[in-house]
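Survey of secondary and tertiary structure
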Amino acid sequence: MSAEQVSSLCEQLVKAVTVIMDPASTQRYRLEALKFCEEFKEKCPICVPCGLKLAEKTQTAIVRHFGLQILEHVVKYRWNNMPRLEKVYLKNNVMGLISSGTQSILEEESHIKDVLSRIVVEMIKREWPQHWPDMLKELDTLSKQGETQTELVMFILLRLAEDVVTFQTLPTQRRRDIQQTLTQNMEKIFSFLLTTLQQNVNKYRRMKTDLAQQPKAQANCRVGIAALNTLAGYIDWVALSHITADNCKLLEMLCLLLNEPELQIGAAECLLIAVSRKGKLEDRKPLMVLFGDVAMHYILSAAQTADGEGLVEKHYVFLKRLCQVLCALGSQLCALLGSDSEVETPTNFGKYLDSFLAFTTHPSQFLRSSTQITWGALFRHEVLSRDPLLLAMIPKYLRASMTNLVKVGFPSKTDSPSCEYSRFDFDSDEDFNAFFNSFRAQQGEVMRMACRLDPRTGFQMAGEWLKYQLTAPVDTGPMNSKTGEGLCSIFSPSFVQWDAMTFFSESVISQMFRTLDKDEIPVNDGIDLLQLVLNFETKDPLILSCVLTNVSALFPFVTYRPEYLPQVLSKLFASVTFEVVEESKFVVSVQAPRTRAVKNVRRHACSSIIKMCRDYPQLVLPKFDMLYNHVKQLLSNELLLTQMEKCALMEALVLISNQFKDYERQKAFLEELMAPVAGLWLSAEMQRVLSDPEAFISYVGADNKIADPVMEDPCGLNRSRISFCVYTILGVVKRARWPAAMEEAKAGGFLVGYLPSGSPIYRNPCTEQVLKLFDNLLALIRTHNNLYMPEMVAKLGETFAKALDMLEVEKNAILGLPQPLLELYDSPVYKTVLERMQGFFCTLYDNCFHILGNAGPSMQQDFYTVEGLAAQLISSAFINLNNIPDYRLRPMLRVFVKPMVLSCPPEYYETLVCPMLGPLFTYLHMRLSQKWEVINQRSMLCEDDAADDNPESQEMLEEQLVRLLTREVMDLITVCCVAKRGAEHNSSVAVDGDDDDAMATDVTPPASAELTELGKCLMKQEDVCTALMITAYASLSWKDTLSCQRTTTQLCWPLLKQVLPGNLLPDAVSWFFTSVLKGLQIHGQHDGCMAALVHLAFQIYEALRPRYTELKVVMEQIPDIQRDSLEQFDSKLLNPTLQKVADKRRKDHFKRLITGCIGKPLGEQFRKEVHIRNLPSLFKKVKPSLETDVLETNEDGEDLTVLFEP
């Protein structure tokens, strides 16, 4: 085509590009221009001359960039069809552009440099080394022209390493060819990179002080930076010998550069990658050179200089890198020392520890936290933990921790030097808070490790700090708490100190008791501290909470001096009734709502009492009567305690009563304890209220309209009576137990017989009392479920229309929204009577199911043999499920159905569990299918609906709830049918992040995943079996990745394997297989899911294809399936005489067959495919027929190796 055509086309393209980039262009005009440009790239036969013309130096940067983009497009998408001469022409011109077609290094735009290097790399990926053997020589020649060209060569080498090694964005054979050739030439490449770095750094250092030479110096500096960046791309994967070659010359250079402000970040980055290398210990030994005098000197002086210049972002980033380098060095030392590699503790170990401590005491909370893992590794190390230098460091480390535990440094504040650094590291106070909490937990672990090595020092420091805190005046700071005048808020200087001290003392004291022998414990010192704490009085709820934690931490000392027990009890009981305003204890009207801080103190005191009775029951037993009288006194005033507090104290009593080890005595005590509850619960009025939804609504006051929703609450007392009964039943069922030792149980009258297997059968002293109240409990559950019927919801009063809704706190937790920090402690627990009502319904519902969930483990055969139990539960807990919202169904499955099923002995499966679970599973499948159908339709209908912009939108909440409910249901089915792994399954309700790596761990199901006895029992019943199978396989295509992966790996195959011996209908087999393929379509973009689903599909096909030709029909419908390949796979599978190919190869073949239905991420769905052809193999002789094929694909049929001769 003529030059005129090229010129006129280029003019049009320049106009189009100008329109696209002009902010003033209209949308329509811009789209037309864009379309013109895209069509030109796709279809125009003269792209190369046009691209080259637009890329000329005389054009503007935007136009040049577009010209180069055209050339990149040509190489990526048209290369395979270009005539040889055109390829050579393009390659020569591109190399010409590098040589003389760009502005100088300091003037050229970085995006031009970037796209130019990309074009060269795309050509290398297609032609090197076979057709372009001299590529490296050409780059070397270019770099000799000057800094501009050298920088571009660096970009090319870096981009090549990234594409081939890091991102692996090319076909396997090409990748292997290029990587192997790179490796063969690595010595040259590395020496080229090092020489380039060294020469440019030397020139830069010579000229940087001379003003006349400034531009030249800058150019050398730029090349130096580019060389460091490129090195960083190679250091990660090349053989360690290249990094440590020539007496570790590279590492030495990098250390030197740490003191060169312009190059230090790049140097630190390279150093970090080098020091973090894994591999054979023998190969890593030379890295210990960094502990030598020279390297240590450079690292430390660089750190001091960077830190000495105040907070500048660049210096701070550098400090973070240096800190990581020291951490990685510590890890290498821990790996090498004590192994067989004959490495000794470095002479500069002390210097290293000092510098590491400097980072631990730096004002930046982020830097402090970065050092913790390494400290932990050092304190744990078998050799280093005995090193006198490290032992001498422990007091210094603990002293630093005392400062680091103090929660200061919120980005919005200015009350500490840390705040300034936090503004760089955290977006908000909530962000910082979350970080600090995990940092503090990490510190706790490391402190405990340190105290294992030196328990006394930690205890001594804790004692000093505690004494100081007890005498220090209270400083509430500028912000007053809303709890009351002159009280601390969570940001007050005093509270922050108390809080840190408490965490410190708790960590070190608990560790001391674990480490020291009994006779080495400093009992006198401990008791002195305990007395000081017990005598300390405060009216500040936040400080009192810390005081209580210290009482608990010091409580083990009381085991040596039981005479102090009464004092401890008095202190705790006084805190149970803690109020900020004294009078409100005796006012009968509704008191001002307690703030969270006050409630926390009271709750804290209750849980301290429970913990004490749980962990030291023998110690408390002699003081049982004193404890009982205390509790009776508190219970006598109905308004003094909340229901939860009353029950906590009763639970403590029950725990001690377990120590009676006398069935009759304990039974009598429990009868006496529960008498008030039984009187209330079994009264005629309560019976009426509990069994009639309308009467219930009226009794709890949910049908009223209330004028003052904050102060007025006429039915509060009625609600608290119901709560009191339910809480008490739960406390007793949860805590009352028979003695653990069989002899004691026998002597105390708890043993009633033996099972055929020889296992003992025990009776629980609470059984009689609890079963007496059981009917009314079921009536309450039935009534509560019926409240959700539309006609009942309509009866709620105006104020309480939303009484059955979720609490805001629950919503926020499900949506993952952070709580505002201050509000947590300073706001009243429930702000309005509606919130109180919501809290009442929510807690009541949960607690009723907690009782049912605990009843089995607690009362065992006495519970499971209750007459008609299955029918009773079906007519109460499982009634009106259609109207019950997801957020109520979830806890029911988790706290009632799951524990009950797990603790049920096999002899009751037929009579109790199967009749209950059968209808439940059938119902749950129907419910979830409908919910997911709605979600899928919604996502198809409203792709661009605005509802999604609001993170709290109702739809989003509902969808997340359906996800969580799905996980709960699938978890329940898995626990029932497959693995009894209760402990692991409790974590299943965590809200899922999209962490594919975490998900990719458990890909193939454990070979031993067999059905449990219960699973087999359920699978015997046809309707239950159908419900289970359909739920498991249908759930694979519901849009919840986590649930899909768990179900695929744990559940699907064991269920199917169970029904294989029977006669499955061909349609059913096709449906199971299709369900797995549908799952792949939806979840195939997630590696973990994809691997698990492919494995499952493979298992099904291999097991069932011989019996069902229908599976082949399903396979044939997969998009783009290669029929001949399928025939080949089938013939091997169906011919038993053929030797089986290795499992992995069969699976890979199968995966290639079904590729057409594996879903891709959205970003890749519409991407244009890049095809890179394989070149003649470099490393092994190929069969002759293939070689002729390859030659024929080249139109000219000439010898390919001469294609890119320079």
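Positions within a chain are numbered from 1, following the residues in the order the chain's sequence is written. Totals for whole chains, interfaces and linings use every residue, but because this is a predicted model, local features are given only for residues with pLDDT of at least 70 and side-chain atom pairs only at 80 or more, for both listing and counting. Remark: hydrogens and water are excluded; side-chain values derive from all non-hydrogen atoms of the structure.

Brief notes about the overall build of the chain
- Check the secondary structure of the chain and you find 59 helices and two strands.
- Along the first, second and third principal axes, the C-alpha set of the chain runs to 105 × 75 × 65 Å.
- Between buried and exposed lies partly exposed: a residue is buried under 20% and exposed over 50% of the maximum accessible area for its type, with that area taken using a 1.4 Å probe on protein chains only. Every one of the 1206 residues in the chain was classed for burial, and the buried ones make up 54%.
- Between two residues, a contact is recorded if the distance between any of their heavy atoms is within 4.5 Å. Summarising the internal contacts of the chain: among those between residues at least 6 apart in sequence, 77% fall at separations of at least 24.
- Values of accessible area rely on a 1.4 Å probe in the Shrake-Rupley scheme; residue burial ignores everything except the protein chains shown. Here the chain displays about 53,700 Å² of accessible surface, and carbon together with sulfur accounts for 53% of that area.
- Side chains of the chain give 126 positive and 148 negative charges; the mean places of these two sets differ by 2 Å. Strands here mean DSSP runs of E at least two residues long; helices mean DSSP runs of H or I at least four residues long; both are numbered from the N terminus. Under the convention used here, Asp and Glu are negative, Lys and Arg are positive, and both His and the chain ends fall outside the count. Working definition for charges: the position is that of NZ of Lys, CZ of Arg, CG of Asp or CD of Glu.

A look at helix α47 (residues 954–977)
- With 24 residues, α47 extends 34 Å between its outermost C-alpha atoms, agreeing within 8% with the 34 Å of an ideal straight helix rising 1.5 Å per residue.
- Among the 24 residues in α47, 19 count as buried, and that is most of the element. Multiplying 1.5 Å by the helix residue count minus one yields the expected span of that helix.

Looking at the layout of surface pockets
- With a 1 Å grid laid over protein atoms only, a set of points is called a cavity when a 1.4 Å probe fits there but cannot get out and a pocket when it is open yet has protein on both sides within 12 Å along at least five of seven lines; lining residues have an atom within 4 Å of a point. Grid points are joined across faces, edges and corners, and a volume is the space filled by probe spheres set on the points. One number sums up the size of the second largest pocket: a volume of about 1,700 Å³.
- Looking at the lining of the second largest pocket, the elements that each hand over two or more residues are α4 (61–78), α6 (110–127), α8 (147–166), α9 (172–184), α54 (1087–1104) and α57 (1143–1153).
- The dominant element in the lining of the second largest pocket, judged by the number of residues it contributes, is α57, at five residues.
- Looking at side-chain class alone, the lining of the second largest pocket contains 13 nonpolar, 13 polar and 20 charged residues. Three classes are used, and their members are as follows: Ala, Val, Leu, Ile, Met, Phe, Trp, Tyr, Cys and Pro are nonpolar, Asp, Glu, Lys and Arg are charged, and the others, Gly among them, are polar.

Things to note about the nonpolar core
- For this analysis, a nonpolar core means a set of buried residues of the types Ala, Val, Leu, Ile, Met, Phe, Trp, Tyr and Cys, connected via side-chain atoms within 4.5 Å. In terms of nonpolar packing, the biggest core is built from 380 residues, with W375, F896, F921, Y1033 and L1056 touching the most fellow members.
- For L1056, the residues in contact, after removing those within four places along its chain, are M1029, Y1033, L1064, F1072, I1100 and L1104.

Comments concerning the packing of helix α31 (residues 643–657) against helix α35 (residues 716–735)
- At a minimum axis separation of 9 Å, α31 and α35 run at an interaxial angle of 25°. In terms of axis orientation, α31 runs roughly parallel to α35. Handedness of the α31/α35 crossing: right-handed. Between α31 and α35, the contacting residues are Q643, M644, K646, C647, M650, E651, V654 and L655 on the first element and S720, S723, F724, Y727, T728, G731, V732, K734 and R735 on the second.
- Here the residues of the contact of α31 with α35 sort into eight nonpolar, five polar and four charged. As a rule, the C-alpha atoms of each element are fitted with a line to give its axis, helices using only the stretch in contact, and angles between N-to-C directions run from 0 to 180 degrees. Between 65 and 115 degrees an angle is taken as roughly perpendicular, under 35 as roughly parallel, over 145 as roughly antiparallel, and anywhere else as oblique. By definition, any crossing whose near helix is turned counterclockwise from its far helix by less than a right angle is left-handed, and any crossing with a clockwise turn is right-handed.

Details of the environment of F841
- Relative to the helices and strands, F841 is located in helix α42 (residues 833–859).
- Its relative accessible area of 1% is what places F841 among the buried residues.
- Along the chain, F841 and E671 lie 170 residues apart, while their C-alpha atoms are 28 Å from each other.
- When neighbours within four sequence positions are excluded, F841 is seen to be in contact with F696, V700, A702, H784, L787, A803 and L804.

Concerning the environment of Q960
- Relative to the elements of secondary structure, Q960 occurs in helix α47.
- A sequence separation of 126 residues divides Q960 from H1086, and the C-alpha atoms of the two residues are 19 Å apart.

Looking at the side chain of S418
- Mapped onto the fold, S418 is located in helix α21 (residues 417–425).
- We classify S418 as buried; its relative accessible area is 2%.
- When residues no more than four places from it in sequence are discounted, the contact partners of S418 are P363, Q365, R368, V408 and G409.

What about the pattern of salt bridges?
- Any carboxyl oxygen of Asp or Glu within 4 Å of a side-chain nitrogen of Lys or Arg constitutes a salt bridge here. Overall, the coordinates contain 51 salt bridges when judged by the stated rule.
- R159 is the partner of D163 in a salt bridge, and the nearest nitrogen-oxygen pair spans 3.9 Å. Separated by four residues within a single helix, D163 and R159 lie in helix α8, roughly one turn from each other.
- Judged by its relative accessible area of 5%, D163 is buried.
- Here E672 ties to K632 by a salt bridge, and the two come within 3.8 Å at their closest N and O atoms. Of this pair, E672 sits in helix α32 (residues 663–681) while K632 is found in helix α30 (residues 624–636), placing the two residues 40 residues apart along the sequence.
- In this structure E672 comes out as partly exposed when scored by relative accessible area, which is 45%.
- One network of salt bridges, with partners in common, ties together E122, K125, R126, R159 and D163.

Topic: α42
- In this model α42 runs 37 Å from its N-terminal to its C-terminal C-alpha over 27 residues, within 8% of the 39 Å that 1.5 Å per residue would give.
- The axis of α42 is deflected most strongly, by about 25°, at G853, and proline P857 appears within four residues downstream.
- Judged by how many residues are buried, α42 sits mostly within the fold: 22 of 27 residues are covered.
- One or two positions beyond α42, positive phi appears at Q860, with a value near 45°. Bend, in this description, refers to the angle at a residue between axes fitted to the seven residues ending there and the seven starting there.

Here we look at the packing of aromatic side chains
- For Phe, Tyr and Trp, rings pair up if their centres lie within 6.5 Å, where Trp contributes its six-membered ring, and each pair is then called stacked (planes under 30 degrees apart), edge-to-face (over 60) or tilted (otherwise). This structure, assessed with the given rule, holds 46 aromatic pairs.
- Ring plane angle 35° and centroid distance 5.8 Å describe the contact between F432 and F436, whose orientation is recorded as tilted. Of this pair, F432 and F436 both sit in helix α22 (residues 429–453), four residues apart, roughly one helical turn. Of the two residues, F432 and F436, neither departs from the other in class, the shared state being buried.
- Taken together, a centroid distance of 5.6 Å and an interplanar angle of 65° make the contact between W1071 and F1072 edge-to-face.
- In this structure W1071 comes out as partly exposed when scored by relative accessible area, which is 33%.
- A relative accessible area of 7% places F1072 in the buried class.
- One aromatic cluster in this structure is built from F291, F349, Y352, F356, W375, F379 and Y397.
- A ring is scored as having a charge over it whenever the NZ atom of a lysine or the CZ atom of an arginine sits within 6 Å of its centre and within 35 degrees of its normal. Sitting over the ring of F840, R719 keeps its end group 5.9 Å from the ring centre.
- The aromatic ring of Y77 is capped on one face by K1168, whose charged end is 4.5 Å from the ring centroid.

Here's the deal with the pairing of strand β1 (residues 751–754)
- Looking at chain direction, β1 and strand β2 (residues 760–762) are connected through three bridges and run antiparallel. Bridge pairing links L751 to Y762 in β2.
- Strands pair, by our definition, only if DSSP identifies at least two bridges between them. The hairpin formed by β1 and β2 contains five residues between the paired strands, and G758 there has a positive phi angle of roughly 100°.

Comments concerning the environment of C647
- Relative to the assigned elements, C647 resides in helix α31.
- Here C647 falls in the buried class, since its relative accessible area comes to 3%.
- In this structure, the C-alpha to C-alpha distance between C647 and H1086, residues 439 residues apart in sequence, is 48 Å.
- Once you skip the residues sitting within four places of it in the chain, C647 turns out to touch F724, Y727 and T728.

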